[in-house]
Amino acid sequence: ETTPDEAQFDDLIARDERIEPRDWMPDAYRRTLVRQISQHAHSEIIGMQPEANWITRAPSLKRKAILMAKVQDEAGHGLYLYSAAQTLGATRDDMTEALIAGRARYSSIFNYPTPTWADMGAIGWLVDGAAICNQVPLCRASYGPYARAMVRICKEESFHQRQGFEILLELMRGTPAQQRMAQDAVDRWYWPALQMFGPPDDESPNSAQSMAWNIKRFSNDELRQRFVGMLVPQAEALGVTLPDPELRYDEANGCYAMSPIDWTEFHEVLAGRGPMNAERLRRRREAHENGAWVREAATAYAAKQATATRE
Ligand code: ACO
């Protein structure tokens, strides 16, 4: 039998309205959101590392200023998202602890190295491009605080994507060595970027329920297709080749045919065995430990303020 609370929740979902923090919600809905939002927050925070790697070596003052702003944006995204997860009862301490203990997931994409400057271009173009494709529909997610955080995040991601495209464009207009560097970065980031959308639909355990709850609006494979459709004309404009000889538009069924994705690699990365997993976690743990004095100072300050107000 449906309780009045359940009926109200079902009705809000059926009318495609928003669920807010004080509304009743099924435990499984809450758990799914905490899972997805916290994983998303961790991705933003870990995602600062591959690019931070180039801040001191950016090729000009202008590039350095842009890159610093972008990496700071990622920190901001992580913070909005942790706050959204906190509205569901998750605590910041628990989420942080799960991340640094290696128990939490974050996007597979951030476990790859960034050996050249062109990687900054490829990350912006491909990784942030994939993030936009995946996140624009999340602006309509049924959970209000998540959807609203996504609106701001997507605006910033669009700028990130454009700056990446522009880095690659400049390299492609440069010397043959610069062109090769750009193509090499695209070759390395293309397949991991396609894996960002998650496993194929028939191997995605969470999709059906998340779609029924209006959290996800499109399936993993649908978004992957949409992303490839976006890349093809942009690759042409850049003059880079997407590293898939099988890639072609299939008129008959209206989608892109492509080579099989290496899901073994994806599962290896998820299991913690990607090229940079250990390094990413080590660095995050170190940053957390180095920040202990800030947390202690903030706590002491808050305690002092509380006493001052009482007096
Ligand atoms: N990297 C790491 N883990 C992944 C990835 C990936 N690219 N894709 C899927 N997974 C995990 C899922 O988290 C899930 O694990 P869990 O059940 O242990 O939590 C498992 O693989 C199975 O996948 P799905 O059933 O398809 O999971 P879900 O419905 O959550 O869909 C998706 C995965 C599409 C990533 C979804 O969670 C999502 O849209 N998240 C928000 C966006 C996001 O997190 N982006 C981060 C990268 S973008 C950026 O930060 C710039």
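Residues numbered from 1 in each chain as written. Predicted model: local features only at pLDDT ≥ 70, side-chain atom pairs only at ≥ 80, totals over all residues. Heavy atoms only, no water.

Enquirer: Could you clarify how one ought to interpret the site of the ligand in this entry?
Expert: In the vicinity of the ligand lie 29 residues, with Gln39, Ser108, Ser204, Lys216 and Asn220 positioned nearest. A distance of 2.7 Å separates an oxygen atom of the ligand from a polar side-chain atom of serine 204. Between an oxygen atom of the ligand and a side-chain N or O atom of lysine 216, the distance comes to 2.7 Å. Expressed as a share of its isolated accessible area of 960 Å², the protein-covered part of the ligand is 89%. Listing elements by their share of the shell around the ligand, those giving two or more residues are α2 (27-46), α6 (118-135), α7 (144-172) and α11 (263-273). No other element matches α2, which puts six residues into the shell around the ligand. When grouped by side-chain class, the residues that make up the shell around the ligand number 11 nonpolar, 13 polar and five charged. (Near = heavy atom within 4 Å. Polar contact = N/O pair within 3.5 Å; in protein donor to acceptor, adjacent residues only side chain to side chain. Areas by Shrake-Rupley, 256 points an atom, 1.4 Å probe, with all protein chains shown as cover. Helix = DSSP H or I, 4+ residues; strand = E, 2+ residues; numbered from the N terminus. Nonpolar A, V, L, I, M, F, W, Y, C, P; charged D, E, K, R; others polar.)

Enquirer: Whenever I open this one, the layout of surface pockets confuses me. Can you help?
Expert: In this approach a probe as big as a water molecule rolls over the atoms, and the regions it shows empty are the leftover space. Taken as a whole, the second largest pocket encloses approximately 460 Å³ of empty space. Taken together, 22 residues line the second largest pocket, and the ones lying closest to its centre are Ile45, Met48, Gln49, Arg284 and Ala287. Only α3 (48-52), α4 (61-86), α5 (92-100) and α12 (277-290) provide two or more residues apiece to the lining of the second largest pocket. Looking at which element gives the most residues to the lining of the second largest pocket, the answer is α12, with six residues. A per-class count over the lining of the second largest pocket returns 12 nonpolar, five polar and five charged. (1 Å grid on protein atoms, 1.4 Å probe; cavity = no way out; pocket = protein on both sides within 12 Å on 5 of 7 lines; lining within 4 Å. Points joined across faces, edges and corners; volume = space filled by probe spheres on them.)

Enquirer: Mind showing me how you'd approach the nonpolar core here?
Expert: Formed by 76 residues in total, the largest nonpolar core has its most connected members in Tyr29, Ile37, Trp125, Tyr143, Tyr146, Trp189 and Phe227. Beyond its immediate chain neighbours, meaning those up to four positions away, tyrosine 29 contacts Phe9, Ile19, Ser142, Tyr143, Trp213 and Ile215. (Core = buried A, V, L, I, M, F, W, Y, C linked by side-chain atoms within 4.5 Å. Buried < 20%, exposed > 50% of the residue type's maximum accessible area, 1.4 Å probe, protein only. Contact = heavy atoms within 4.5 Å.)

Enquirer: Where do I start with the state of the cysteines in this structure?
Expert: Put plainly, two cysteines are in a disulfide when a covalent bond ties their sulfur atoms together. The full count for this structure, using the stated rule, is zero disulfides. Distance from the sulfur of cysteine 139, which forms no disulfide, to the nearest cysteine sulfur (cysteine 154) is 3.9 Å. Cysteine 139 sits in the partly exposed class, given a relative accessible area of 22%. Considering cysteine sulfurs only, cysteine 133 is the nearest to cysteine 255, which forms no disulfide, with 15 Å between them. (Disulfide = S-S within 2.5 Å.)

Enquirer: In this structure, what is going on with the packing of aromatic side chains? I would like to understand it.
Expert: In this description, a pair of aromatic rings is defined by centroid distance and the angle of the planes. A complete count under the given rule lists nine aromatic pairs for this structure. On the basis of an interplanar angle of 85 degrees and a centroid distance of 5.4 Å, the ring pair of tyrosine 29 and tryptophan 213 is categorised as edge-to-face. Taken together, the residues tyrosine 29 in helix α2 and tryptophan 213 in the loop between α9 (207-212) and α10 (220-238) connect sequence positions 184 residues apart. Take tyrosine 29: its relative accessible area is 0%, and that puts it in the buried class. Considering the side-chain rings of tyrosine 249 and tyrosine 256, the 5.0 Å spacing of their centres and the 65 degrees angle between planes classify their relative orientation as edge-to-face. Using a relative accessible area of 41% as the deciding quantity, one classes tyrosine 249 as partly exposed. A residue is classified by how much of its surface remains accessible, and tyrosine 256, at 18% relative accessible area, is buried. One aromatic cluster is present, built from ring pairs that chain together Phe9, Trp24, Tyr29 and Trp213. The ring of phenylalanine 218 carries arginine 226 above its face, with NZ or CZ at 4.3 Å from the centroid. (Phe/Tyr/Trp six-rings, centres within 6.5 Å; stacked < 30°, edge-to-face > 60°. Lys NZ or Arg CZ within 6 Å of the ring centre and 35° of its normal.)

Enquirer: How do you make sense of the pattern of salt bridges when you look at a structure like this?
Expert: Side chains carrying opposite charge are able to pair once their charged atoms draw close together. The full count for this structure, using the stated rule, is 17 salt bridges. Put simply, aspartate 11 and arginine 15 hold a salt bridge, and the shortest N to O gap is 2.7 Å. Under the relative-accessibility criterion, aspartate 11 is labelled partly exposed at 35%. Note that glutamate 170 and arginine 63 form a salt bridge whose closest N and O atoms lie 3.2 Å from each other. You can see glutamate 170 sitting in helix α7 and its partner arginine 63 sitting in helix α4, a full 107 residues away along the chain. The class of glutamate 170 is partly exposed, set by a relative accessible area of 46%. (Salt bridge = Lys/Arg side-chain N within 4 Å of Asp/Glu carboxyl O.)

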